[in-house]
Amino acid sequence: MNSYDVAVIGSGPGGYVAAIRCAQLGMKTAIIEKYSTLGGTCLNVGCIPSKALLDSSHHYEDAVKHFEEHGIEIPGDVKVNLEKMIARKQAVVDQTTGGIDFLMKKNNIDVYRGMGSFKDATHIAISGEEATEIEAKNTIIATGSKPSNLPFINIDKERIITSTEALKLKEIPKHLIVIGGGVIGLELGQVYKRLGAEVSVVEFMDRIIPTMDAGLSKELNKVLKKQKFKINASHKVKSVERVGDEVIVKADNKKGEEVEFKGDYCLVSVGRRPYTDGLNAEAAGVKLNERGQVEVNEHLQTSAANIYAIGDVVKGAMLAHKAEEEGVFVAETLAGQKPHIDYNLIPGVVYTWPEVAAVGKTEEQLKEAGVAYKSGQFPMRALGRSRASMDLDGFVKILADKTTDEILGVHMVGARAADMIAEAVVAMEYRASAEDVSRMSHAHPTFTEAIKEAALAATEDRPLHI
Ligand code: FAD
């Protein structure tokens, strides 16, 4: 039987990064993956394919709607070849997951393909074509998550679908009903909206992206409405029924009246649930909590001392970069180091266009905690860079402590916000004040000038360009 210092179960961004860091630190490492390709949800059916389709559909929309105003004329009609678009997405996925195979080899990590299942706290059975058993002094559970559902919805994976099927549709929906106005629903909704579908979003809460700052929800809502999204907040879905090729969604609106939506596809994007099926966690003495997450302490250690858990399967934001940080954290803990993660500084991003990005506290959180703060906001439309590319929507908002001026939260909607948020993370990691950021030179013309201007607005309400 092969023996390891560390076995990692699951090869998503949490698992494969943990394995690499363990190997870098000199531990003999194995990784177990039940799917044929490495990379987990993120690389196979999450972050990467969704961004590939967002990029392709963005190009199409530009060609149809914006090329002309740039003085670019295309003779004849611009057409979508969905099959080709999906094939390109798959090629990106294949290349990326193949890259993980390379990284495993490079770091001398043994890859086992099959379902990992605990026999006890130090032995893992691996089922599948090459069934075997390994011994591991320590194990990192990184089994991720699966789409969740409402109890009364029958997801048939044809017309009533999850994000996984939405990434490989064979036709463009005429009317896509999206249940859930969170990140995944809006990103995939925008893909098909750009390709010509009518898109209706049905959201239970009173606003889309309800976990983010209310100002971001409001701005994104405004922009998506301009893009002809139909957004129905405060709607409680009661039933989803398929009749032939039609899907009928019934919901109660704010007034308690029944509303009916008829479409040809319904994307159920109501969140994700931790995945531990088949893991046989009990055999290793690993406890799950009432939400099905693997219970961990502040060291990400489970109820079994030699077993840790990271990523979507434990508490916290379900994000690839959070999973990665946790992977590194556990590897370094196992090596006797004292790593640290500041969960307040894990950025959140929505890759719609304009993009939405945030880090730190929202205004709602600061109010609730009774923190005295000041806010500086700068509109993207006041930037030369925005006018050059015609990306006028959005703003940057910086929240800073009223007394010390320390930045407490940064919230933005706008072109390339997903990349711009990194500046805010760096500033907050070093506990910068709004004035610190406002005094740093930002290249002109760039979208990041909105960060400098918002910092000036937060410091002493003295932005230069409005
Ligand atoms: P996962 O990536 O879910 O990987 C878990 C792996 O474990 C899987 O490969 C699974 O097959 C394997 N596994 C499970 N049980 C076993 C077992 N017993 N034995 C062997 N193998 C097992 N996050 C972002 O940060 N940015 C984004 O842009 C983004 N976009 C997304 C878009 C979509 C459509 C979706 C669905 C998700 C998106 N996410 C995004 C979320 C992101 O994918 C997850 O947060 C991330 O993948 C979690 O990583 P993980 O390592 O915890 O688990």
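Residues numbered from 1 in each chain as written. Predicted model: local features only at pLDDT ≥ 70, side-chain atom pairs only at ≥ 80, totals over all residues.

Within an unreviewed UniProt entry, the label attached to the chain reads Dihydrolipoyl dehydrogenase, and the organism entered is Flavivirga algicola. In the Sequence similarities (unreviewed entry) part of its UniProt record, the chain is described as follows: "Belongs to the class-I pyridine nucleotide-disulfide oxidoreductase family." Per UniProt, the chain carries the Catalytic activity (unreviewed entry) text "N(6)-[(R)-dihydrolipoyl]-L-lysyl-[protein] + NAD(+) = N(6)-[(R)-lipoyl]-L-lysyl-[protein] + NADH + H(+)". (UniProt positions renumbered as here; feature names shortened; annotations may be inferred.)

J.: Before we go on, may I ask you to explain the UniProt feature "domain: FAD/NAD(P)-binding" (unreviewed entry) in the chain in this structure?
T.: Per the UniProt entry, the sites bearing "domain: FAD/NAD(P)-binding" (unreviewed entry) are residues 4-327 in this numbering. A helix fraction of 31% and a strand fraction of 26% characterise residues 4-327, whose end C-alpha atoms lie 17 Å from each other. (Helix = DSSP H or I, 4+ residues; strand = E, 2+ residues; numbered from the N terminus.)

J.: I would appreciate a short explanation of the environment of Lys 262 in the present structure.
T.: Mapped onto the elements of the fold, Lys 262 is located in strand 14 (residues 258-263). The exposure class of Lys 262 is partly exposed, given the 13 C-beta atoms found within 10 Å. Taking C-alpha positions, Lys 262 is 9.7 Å from Glu 241, a pair spaced 21 residues apart along the chain. In contact with Lys 262, not counting residues within four places along its chain, are Glu 246 and Ile 248. (Buried ≥ 20, exposed ≤ 12 C-beta atoms within 10 Å, placed from the backbone. Contact = placed C-beta atoms within 7 Å.)

J.: How do you make sense of the site of the ligand when you look at a structure like this?
T.: The full set close to the ligand counts 37 residues, and Gly 10, Gly 12, Gly 40, Gly 144 and Gly 311 are the nearest of them. Those elements that place two or more of their residues in the shell around the ligand are helix 1 (13-24), strand 2 (29-33), helix 2 (40-45), helix 3 (47-66) and helix 8 (320-334). Tallied by class, the residues present in the shell around the ligand amount to 17 nonpolar, 17 polar and three charged. (Near = placed C-beta within 6 Å. Nonpolar A, V, L, I, M, F, W, Y, C, P; charged D, E, K, R; others polar.)

J.: Whenever I open this one, the sheet that holds strand 22 (residues 407-414) confuses me. Can you help?
T.: Through backbone hydrogen bonds, the strands of a sheet pair up, either in parallel or in antiparallel fashion. The five strands are arranged 18-19-22-21-20 in an open sheet whose pairing can be described as antiparallel. Each of the sheet's edge strands pairs with one partner strand only, and the pair in question is strand 18 (348-350) and strand 20 (373-379). Neighbour to neighbour, the strand axes of the sheet diverge by 10 degrees on average, direction disregarded. Contacts from helix 11 (residues 417-429) reach strand 18, strand 19 (355-360) and strand 22 within the one sheet, and its direction differs from that of strand 19 by about 10 degrees. (Pairing = 2+ DSSP bridges. Axes fitted to C-alpha atoms, helices over the stretch in contact; angles between N-to-C directions.)

J.: I'm lost on the environment of Ala 424 in this one. Help?
T.: You can see Ala 424 is positioned in helix 11. Taking C-alpha positions, Ala 424 is 37 Å from Lys 28, a pair spaced 396 residues apart along the chain. Discounting residues that sit within four places of it in the chain, Ala 424 has contacts with Val 359, Val 410 and Ile 451.

J.: What should I look at first to understand helix 3 in this one?
T.: Every α-helix carries 3.6 residues per turn, so stepping three or four residues along brings you back to the same face. In this model, helix 3 (20 residues) spans 26 Å end to end at C-alpha, consistent with the 28 Å of a helix rising 1.5 Å per residue. Among the residues making up helix 3, those that are buried are Cys 47, Ile 48, Pro 49, Ser 50, Ala 52, Leu 53, Leu 54, Ser 56 and Ser 57. (Expected span 1.5 Å × (residues − 1).)

J.: What exactly am I supposed to notice about the UniProt feature "domain: Pyridine nucleotide-disulphide oxidoreductase dimerisation" (unreviewed entry) in the chain here?
T.: In the numbering used here, UniProt assigns the "domain: Pyridine nucleotide-disulphide oxidoreductase dimerisation" (unreviewed entry) feature to residues 346-455. Helix makes up 35% of residues 346-455 and strand makes up 28%, while its end C-alpha atoms are separated by 20 Å.

J.: What am I meant to see in the packing of helix 3 against helix 6 (residues 183-194) here?
T.: Packed helix pairs are specified by the crossing angle of their axes together with the interaxial distance, meaning the distance between the axes. Direction vectors running N to C along helix 3 and helix 6 enclose 30 degrees, while the axes themselves pass 9 Å from each other. Taken together, the axes of helix 3 and helix 6 are roughly parallel relative to one another. Helix 6 is crossed by helix 3, and the crossing has left-handed handedness. Note on element contacts: helix 6 touches helix 3 through Glu 187, Leu 188, Gln 190, Val 191 and Arg 194, opposite Ser 50, Leu 53, Leu 54, Ser 57, His 58, Tyr 60 and Glu 61. Across the contact of helix 3 with helix 6, the residue classes break down as five nonpolar, four polar and three charged. (Parallel < 35°, antiparallel > 145°, perpendicular 65-115°, else oblique. Left-handed = near helix turned anticlockwise from the far one by under 90°.)

J.: Help me understand unusual backbone geometry in this model?
T.: For the bond from Trp 353 to Pro 354, the omega torsion is 0 degrees, close enough to zero to count as cis. Looking at where Pro 354 falls in the secondary structure, it is placed in the loop between strand 18 and strand 19. A cis amide bond links His 444 to the next residue, Pro 445, at an omega of -5 degrees. Within the fold, Pro 445 resides in the loop between helix 12 (434-438) and helix 13 (449-460). Not every positive phi belongs to a glycine, and Arg 431 is a case in point at roughly 55 degrees. With respect to the secondary-structure elements, Arg 431 resides in the loop between helix 11 and helix 12. A positive phi angle, near 50 degrees, is found at Asp 461, a position not held by glycine. Residue classification places Asp 461 among the exposed positions, given that 10 C-beta atoms sit within 10 Å.

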